[in-house]
Amino acid sequence: SLAESAVVAKIIYKENVESLTQCVVADVEEDEPEEDPSEQSVLWDMTRPLEGSCRMELLKFDHPQGQDVFWHSSAHILGQAMEREFGCHLTIGPALESGFYYDGFFGERKLNENDFKSINEHATQICKESQLFQRCVLSKEEALELFKENPFKVQLITNKVPDGALTSCYRCGDLVDLCRGPHLPNTNRAKAFMVTKNSAAYWLGDQNLDSLQRLYGIAFPNDKLLKEYKKFQEEAAKRDHRNIGKQQELMMFHPVMSPGCCFWFPLGTRVYNKLIDFMRSEYRLRGFQEVVTPNMYDSRLFLQSGHYQNYKDDMYSLDVEKQEWMLKPMNCPGHFVMFDARVRSYKELPMRYADFGVLHRNEASGALTGLTRVRRFQQDDAHIFCRPDQIKSEVASALDFLDYVYKVFGFKASYALSTRPKKALGSKEIWDNAEIQLKAALDQSGREWSLNPGDGAFYGPKIDIRLQDAMKRKHQCGTIQLDFNGPIRFNLQYRKEGVEETVEGEEEKDKGEFKGAEEKNDKGEVIWKEGRLKNGFERPVVIHRAILGSIERMSAILMEHYAGKWPFWLSPRQVQVVPVGTQFNEYALWVERQLQIHGFHAEAETSGKTLNKKVREAQLASWNYVAVVGAEEQNALSVNLRSRESEKPLGVFSMVDFIAKLDSEAMPSSQPLRHFEAFQGRLPAEPSKKEVPEPMPSAKLAPKPAFQKQGSLQLRKAASDKFAGLSVDDDVEAFLESHPYVKGFEPSFADAELFEQLSESGVPETPNLKRWFDHVGSFSSSDRAQWVKA
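Criteria and cut-off values
Residues numbered from 1 in each chain as written. Predicted model: local features only at pLDDT ≥ 70, side-chain atom pairs only at ≥ 80, totals over all residues. Heavy atoms only, no water. Helix = DSSP H or I, 4+ residues; strand = E, 2+ residues; numbered from the N terminus. Buried < 20%, exposed > 50% of the residue type's maximum accessible area, 1.4 Å probe, protein only. Contact = heavy atoms within 4.5 Å. Areas by Shrake-Rupley, 256 points an atom, 1.4 Å probe, with all protein chains shown as cover. Lys, Arg positive; Asp, Glu negative; His and termini not counted. Charge placed at Lys NZ, Arg CZ, Asp CG, Glu CD. Expected span 1.5 Å × (residues − 1). 1 Å grid on protein atoms, 1.4 Å probe; cavity = no way out; pocket = protein on both sides within 12 Å on 5 of 7 lines; lining within 4 Å. Points joined across faces, edges and corners; volume = space filled by probe spheres on them. Nonpolar A, V, L, I, M, F, W, Y, C, P; charged D, E, K, R; others polar. Pairing = 2+ DSSP bridges. Axes fitted to C-alpha atoms, helices over the stretch in contact; angles between N-to-C directions. pLDDT = per-residue confidence, 0-100. Core = buried A, V, L, I, M, F, W, Y, C linked by side-chain atoms within 4.5 Å. Polar contact = N/O pair within 3.5 Å; in protein donor to acceptor, adjacent residues only side chain to side chain.

Moving on, we get to the overall build of the protein. On a plain count of helices and strands, the protein comes out with 25 helices and 36 strands. C-alpha extents for the protein along the principal axes are approximately 110 × 80 × 55 Å. Per-residue burial for the protein yields a buried fraction of 49% across its 790 residues. Pairs at least 24 residues apart make up 71% of the contacts formed inside the protein by residues separated by at least 6 positions. Carbon together with sulfur atoms contributes 49% to the accessible area of the protein, which is approximately 40,200 Å² in total. Across the protein, the 101 positively charged side chains and the 116 negatively charged ones have centroids separated by 2 Å.

Let us now look at helix 8 (residues 266-286). With 21 residues, helix 8 extends 30 Å between its outermost C-alpha atoms, agreeing within 8% with the 30 Å of an ideal straight helix rising 1.5 Å per residue. Buried within helix 8 are the following residues: Leu267, Gly268, Val271, Tyr272, Leu275, Ile276, Phe278, Met279, Ser281, Glu282, Tyr283 and Arg286.

A few words on empty space enclosed by the protein. The tally for this structure, following the rule as stated, stands at one cavity of 30 Å³ or more. What the largest cavity holds in volume is close to 40 Å³. As for the largest cavity, its lining consists of Gln619, Trp623, Asn624, Val626, Arg642, Ser643, Arg644 and Ser646. Of the residues in the lining of the largest cavity, the class split is two nonpolar, four polar and two charged.

Taking 1.5 Å per residue as the helical rise, helix 17 (residues 585-597) with its 13 residues ought to reach 18 Å, and the 18 Å between its terminal C-alpha atoms agrees with that figure. Tucked inside the fold, the buried residues of helix 17 contact strand 32 (575-579), strand 33 (602-604), strand 34 (625-629), helix 19 (631-636), strand 35 (638-643) and helix 20 (655-663). Phi for glycine 599, located one or two positions after helix 17, is positive at around 90°.

Here we take up the sheet that holds strand 2 (residues 41-44). Reading across the sheet, the three strands line up as 2-1-3 and stay open at both edges, with antiparallel pairing between neighbours. Of all strands in the sheet, those with a lone pairing partner are strand 2 and strand 3 (54-60), marking the two edges. This sheet shows a mean twist of 25° between the axes of neighbouring strands, independent of strand direction. Of the pairings in the sheet, the one linking strand 1 (residues 6-13) to strand 2 comprises four bridges and is antiparallel in character. Paired with lysine 10 across the strands is leucine 43, a residue of strand 2. Contacting strand 1, strand 2 and strand 3, helix 2 (residues 64-86) crosses the sheet at an angle of about 120° to strand 1.

Outside of glycine, negative phi angles account for most residues, and trans bonds account for most peptide bonds. Cis peptide bonds are those with omega within 30 degrees of zero, and the linkage from glycine 181 to proline 182 qualifies with -5°. Mapped onto the fold, proline 182 is located in the loop between strand 9 (175-178) and strand 10 (192-202). Residue proline 350 follows leucine 349 across a cis peptide bond; omega there is 5°. Along the chain, the position of proline 350 falls in the loop between strand 18 (344-345) and strand 19 (351-355). Within the chain, lysine 322 stands out as a residue other than glycine whose phi angle is a positive 65°. Inspection of the secondary structure assignment puts lysine 322 in the loop between strand 16 (317-320) and strand 17 (323-327). For lysine 322, a relative accessible area of 80% translates into the label exposed.

Turning to the confidence of the model for the protein, a few remarks are in order. Per-residue confidence for the protein averages 87 on the pLDDT scale, and 90% of its residues sit at or above 70. Across residues 31-39 the pLDDT falls below 50, and counting only partners more than four positions away or on other chains, this stretch makes 11 contacts in the model.

We now examine the nonpolar core. The biggest cluster of nonpolar side chains holds 60 residues, and the ones touching the most others in it are Val395, Val405, Phe409 and Ile463. The biggest single contributor to this core is helix 12 (residues 391-409), with 11 residues. Not counting residues within four places of it along the chain, the set of residues in contact with phenylalanine 409 comprises Leu275, Phe278, Leu548, Leu558, His561, Tyr562, Trp569 and Leu570. Among the nonpolar cores identified, the runner-up in size contains 42 residues, and Val7, Leu78, Phe116 and Phe133 belong to it.

Along the chain, asparagine 186 turns up in the loop between strand 9 and strand 10. With relative accessibility at 16%, the residue asparagine 186 sits in the buried group. Engagement of the side chain of asparagine 186 in a polar contact is seen with the backbone nitrogen of asparagine 188, the distance being 2.8 Å. Residues within four places of asparagine 186 in sequence aside, it is in contact with Ser130, Gln131, Leu132 and Phe133.

Looking down a regular strand, the side chains alternate between one sheet face and the other. Of all six residues that make up strand 22 (residues 381-386), six are buried, and the element is covered over most of its length. Along strand 22, one buried face is formed by Asp381, His383 and Phe385 and the opposite face, lined by Ala382, Ile384 and Cys386, is buried too. When strand 19 meets strand 22, the two strands line up antiparallel, connected through five bridges. Of the residues in strand 22, the one forming a bridge with tyrosine 353 is histidine 383. Note that strand 22 and strand 31 (residues 541-546) share five bridges and pair antiparallel. Within the sheet, the bridge partner assigned to phenylalanine 385 lies in strand 31 and is valine 542.

Right, dumping it as structure tokens:
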């Protein structure tokens, strides 16, 4: 029924209700963005009396906000189980995008997977008890008295709840916890519960504070959803980029020598570089200019940008001649310095700077997770300096760029516009104009998008883009953000249209009259002063734009998205050349070299392994193509081609046609490269385009040599009627030069029939038949009987 399936109520108010803001939130580690005051909707306990005139919606578990409430309530169940089993001090327990966690202080005790069983048993019992979630409103003094035994809760209340203010908590069973709510009606709604993993954490995320233990969990309203989740996790484990990276020898991490910094092996570097090459190719077509900027800067640059004041702990610093320098964590300040290198004109805008510079961020060791959270990385970072009237067109172009790249990878994307928060830099007029242009760009694109009121950055509104991979997981990679703050802090400006050079004396006069904002440090020293905007000049708007985001993180997403089966253009293993015997190694190496000359990743497998073993190993290693070569191919300068995606061989291709086929699958481009565009409807004469080649017809192949050696099949046929009815060609000896079986690459009825006849008449003496005879003889008679039935 609806009453049983509903998780939480969503209340939409037509007018302000004072009681909505009477309680101060005390159950989070950091301050959250303030909500837009015009947004009068709130999630509400279904057991809590309504207040004021409102409209109500009931949300189920399949609604994102319903899931958030469900998993937040499940975190309280986990917290109660932790208290029952260990008597620990609970700290913070939020809902996540998929599940929840709870941090606890356990003293010297370290949790491990052996503790999961008892916690699960307690949680299951708590769910069966159908404990009610009861909301309580407390004064600050009452809250301090209630939680006096828990120093972590006392610190939250002391720091976040002003004197004389109220806060809220929830009770379920024996647990009373600081919480804003809302929650499920009772614990029995969580019918399937499981602890998934544990990790270390720090109080308030500060490694200088107390060490905590974090338990993660998942819960669902029924067992079916939990089974589906487990199946999904099994598939996700198979696709884990850390496993694929190790299996395919793409990359590694060293826990001591450089934690959080990836070592890319040659094969992994191929993927890494190809992603950058792909973006560079698109940059040339879309009017971006790539720049190279320093890896480290004097700390005064980051004082000017504001990063030093807000992110110093996340940056690496070093002493350079007794002056503090820092490794850059982002590219934008360097680009601002380059824009300010000389006087700019409106004619130069938009100016699009792209940068693949190496970035460093001091991530906590406990937060490092493979390629998805690292300390050293590169981004497809770009900053677009434009006029206010160019925002719409530049954002529309950025959306088109992003959409194209994600479609190439097979991703789906969702878009959300985040608008002006309460604490925002710049006038409301500037913000309103920028938001109107962003909305117009989104509408013009034809994409569906949602609105996140009040969730923009303090320096400008933004479009949040989330991609969905093959596992239907969502990732935040791309971003389009407007920035009004950076141009002010760096005093960026350009000469407006119709304005001549300002007279030097007038500039000095204006300079003396100007008094802008300034910023001081704890010592009262001025660390930044707003610069004067010269007469006839205007400040540019900066658009921060990333599509792949971190190349490291995108590499991880793609490994899991493709499950290690890379598309040809991005693959580190494109073609393996396999000779049927060592006598054809020289030709295999020649084929390998020709492929490399034409820009493909190829490798000749010249070991003494059997042909079957080579082909099988190439398939397991996810080579896109296996090119088998023998006498026939050597004579015709061709290859016998197999594809990773097809069970049957594709056929014989001349080397020219083979290269043409691979060229057709090379790196994609949003526009044809090395092709003329029309000028006033006219094109220069150019050769007609070649179609993707088909396999060579047999007539193109060089004549097969006759084999008249003692014991050949031809001589046996001439000597005995027993061989006359065999379904194999007379020149089987020549055919076996380049094939493992008499009909090709798979055993068949013909192999079993010929083996039986030769077993009666005597072992063949010609080399290829003898090798084939020994190989087929390694199978049991029952195995060969299966070939007959096939």
